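Each chain, written out:
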Amino acid sequence: MLIGRPRDIPSSEITSRTAYLSRRQWLAGAGALVLAGGPAARARASGLGPIAKSTFSVDEKPTSLEDITHYNNFYEFGTDKDQPARNAPGLLKTRPWTVRVDGECHHPGTIDIDDLVRTSAWEERIYRHRCVEAWSMVIPWVGVPLAAVLSRFEPTGNAKFVAFETLSDDKQMPGERSLGMFPWPYREGLRIDEAMHPLALLAVGLYGDVLPAQNGAPIRLVVPWKYGFKGIKSIVAIRFVTEQPPTFWNMLAPGEYGFYSNVNPGVDHPRWTQAKERRIGEFLRRPTLPFNGYADQVANLYSGMDLKVYF
Amino acid sequence: MSRPVRLTAQAVLRIALHGLCALPAVVLVVEGLSGGLGANPIEALIRGLGDWGLRFLVMALAVTPVRRLARLPTLARYRRMLGLWAFAYVLLHVSAYVVLDQFFDWAAIGNDIVKHKFITVGMAAVTLLIPLAATSTSAMIRRLGGKRWRTLHRLVYVAGPLAAIHYIWMVKADIRQPVVYLLIVLLLLGCRVAFLAQERIERN
């Protein structure tokens, strides 16, 4: 009874408050149309150009756009799941936007998001998304392999890790004001071989359209074999570094959130069992897969490592 | 003439209060059925029921301090009502966890209780509330005798803080709201301790 949610938008509130979202709302209302109908048309409208299909996509039913965009962890805009959708679209200024890239590389510089959008070969990657809180979604991202972007800056041999930073601006981000004791900005990191893995994605869109603010506009990281919090949102800085960089959740609770945070049903979180997950929109919990089902592609990155120690 | 009229007014008030106490549950169910609980309705329902369990527990614990400090002896008759509604919400909260969240996966539930401390203390709090609810009838009070009944019902001094700690340990990072609940519970229980001490002094 609780799971049979209507496909159309129950909340008229959001539409009226942020009128510019109306097109997206209509898309969500169209339900199946979102997937079946004209990605090319939407791509033209979004300015993302042609969006290629990818063999990395999973053959699973994508979660509805409504759920993907109204159930978010983006603490800069509030700790409740519905707060980012209410706060971020009106507050987060996504243009102009640049990403500083520096550290251990031959050509440090900046990425202008509009240049990136114009010059990149965008792909749709339908990925599983597993949150550390034991829920999951299937999300049709639009992105470009992280490796393709990082390579432009020619990392040196000293670049062992890649550090990422989210925008930190308490004028745009009410969550930063109310959670002043947190170590802002939000930071994440990957080992260089993880960052260069073909599954690691820099996403600028979902469902064929530009990324909504609450999902980490204008540019975010997607690492589908890791827990969702590794997918840092609204990136403003990328740095090649020699040492493992500090990461936000690990700084807050090192016993709960490791640097690696690969999806692992065998390692329980102190709060949530990780053996099963609730796929949003489904009633029964389903078993969680090692590396979120991407073990064939990524398990070799961790050969010889004790994943109970490096959780 | 005035006596039956007054009783009727009180009965009406009681019914209205019961209706008010049931309202949050009705709202949650209606929202759940209409899609108003968002992308993860099971989680929203469980949290909503837990919130209300804690709120009613706080209200029930507040009756005696408010009655004494505001000199409103008639409030006493609503204490049992609020306590039982607290238990009802807690029971619905646990049932929703067992049925909707875990769907009777007893192995997973057992694992949760053993391994996840917020579930451990939550289950402990519920368990402690069961004998209190079971002995809430006037007949049971008579059977146990006032003194023994009061001693038994002091279990709420343990269950209340455990419920608040359950909430604190459930929250990922922003524990301000659950901490406020814990402080309120401790303040209300502190009032009771102060009253007891006062009575003891007055008696001597």
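Looking only at helices and strands, one finds nine helices and zero strands in chain B. Each helix and strand of chain B, ordered N terminal to C terminal, gives the series α-α-α-α-α-α-α-α-α. Reported as C-alpha extents along the three principal axes, the dimensions of chain B are approximately 55 × 45 × 35 Å. Out of the 204 residues belonging to chain B, those deemed buried represent 26%. Within chain B, residue pairs in contact and separated by at least 24 positions form 61% of the contacts whose partners lie at least 6 positions apart.

Okay, the sheet that holds strand 11 (residues 235–241) of chain A next. Pairing between sheet strands relies on hydrogen bonds along the backbone, with the strands arranged either parallel or antiparallel. All names here are of chain A. Spatially, 3-2-11-6-7 is the arrangement adopted by the five strands of the open sheet, whose pairing is mixed. Each of the sheet's edge strands pairs with one partner strand only, and the pair in question is strand 3 (109–112) and strand 7 (187–191). The average angle at which neighbouring strand axes cross in this sheet is 20°, direction not considered. Bridge analysis of strand 2 (residues 98–103) against strand 3 gives four bridges, and the strand direction is antiparallel. Following the sheet pairing, Val 99 is matched in strand 3 by Ile 111.

Moving on, we come to the nonpolar core. Residues Trp 141, Val 142, Val 162, Ala 203, Leu 206 and Leu 221 of chain A are the most contacted members of the largest nonpolar core, which totals 71 residues. A total of six residues in this core trace back to one element, the largest contributor, which is strand 5 (residues 135–145) of chain A. The residues touching Val 142 of chain A, leaving out its near neighbours within four places in the chain, are Leu 48, Ile 51, Trp 122, Glu 124, Ala 203, Val 204, Gly 205, Leu 206 and Gly 208 of chain A. Counting residues in each nonpolar core, the second largest holds 38 residues, with Leu 28, Phe 87, Tyr 97 and Ala 125 of chain B among its members.

Bringing the interface of chain B and chain A into the picture now. Chain B puts 22 residues into the contact, and the matching count from chain A is 21 residues. Of all elements in the fold, only helix 1 (2–34), helix 2 (41–69) and helix 4 (106–115) of chain B reach the threshold of two or more residues within the side of chain B that touches chain A. At four residues, the largest contribution of residues to the side of chain B that touches chain A is made by helix 4 of chain B. Tallied by class, residues from the side of chain B that touches chain A come to eleven nonpolar, eight polar and three charged.

Residue and element names in this part refer to chain B. The end-to-end C-alpha distance of helix 8 (residues 156–170), which contains 15 residues, comes to 21 Å, matching closely the 21 Å that a straight helix rising 1.5 Å per residue would cover. Those residues of helix 8 that sit buried are Val 156, Ala 159, Gly 160, Leu 162, Ala 163, Ala 164, Ile 165, His 166 and Tyr 167. Where helix 8 is buried, its residues touch helix 2, helix 5 (117–134), helix 7 (146–153) and helix 9 (176–203).

Moving on, we get to the packing of helix 5 of chain B against helix 8 of chain B. To characterise two packed helices, one gives the angle between the axes of the helices and the distance between these axes. Residue and element names in this part refer to chain B. Interhelical geometry of helix 5 versus helix 8 gives an angle of 155° and a closest axis separation of 8 Å. The angle between helix 5 and helix 8 falls in the class roughly antiparallel. Here helix 5 and helix 8 pass one another in a crossing that is left-handed. Residues Lys 117, Phe 118, Val 121, Gly 122, Ala 124, Ala 125, Leu 128, Leu 129 and Leu 132 of helix 5 form the contact with helix 8, whose own contacting residues are Val 156, Val 158, Ala 159, Leu 162, Ala 163, Ile 165, His 166, Trp 169 and Met 170.

Thresholds applied
Residue positions within a chain follow its written sequence, with the count starting from 1. A letter from A marks each chain and a number from 1 marks each ligand, given out in the order of writing. Whole-chain, interface and lining totals are the exception, using all residues; otherwise, since this is a predicted model, local features are given only for residues with pLDDT of at least 70 and side-chain atom pairs are given and counted only at 80 or more. Strands here mean DSSP runs of E at least two residues long; helices mean DSSP runs of H or I at least four residues long; both are numbered from the N terminus. As a rule, residues whose C-beta atom has 12 or fewer other C-beta atoms within 10 Å are exposed, those with 20 or more are buried, and those in between are partly exposed; C-beta atoms are placed from the backbone. The contact criterion used here is simple: two residues whose C-beta atoms, placed from the backbone, lie within 7 Å are in contact. A pair of strands is treated as paired once DSSP finds two or more bridges between them. Lines fitted to the C-alpha atoms define the axes, with helices restricted to the stretch that makes contact. Angles between their N-to-C directions range from 0 to 180 degrees. By convention the nonpolar core is taken to be a set of buried residues drawn from Ala, Val, Leu, Ile, Met, Phe, Trp, Tyr and Cys and joined through C-beta atoms within 7 Å. Residues are grouped as follows: nonpolar covers Ala, Val, Leu, Ile, Met, Phe, Trp, Tyr, Cys and Pro; charged covers Asp, Glu, Lys and Arg; every other residue, Gly included, is treated as polar. Given the number of residues in a helix, its expected span is that number minus one, multiplied by 1.5 Å. The labels follow the angle: roughly parallel below 35 degrees, roughly antiparallel above 145, roughly perpendicular from 65 to 115, and oblique for the rest. Crossing handedness follows the turn of the near helix against the far one: under a right angle anticlockwise gives a left-handed crossing, and clockwise gives a right-handed one.

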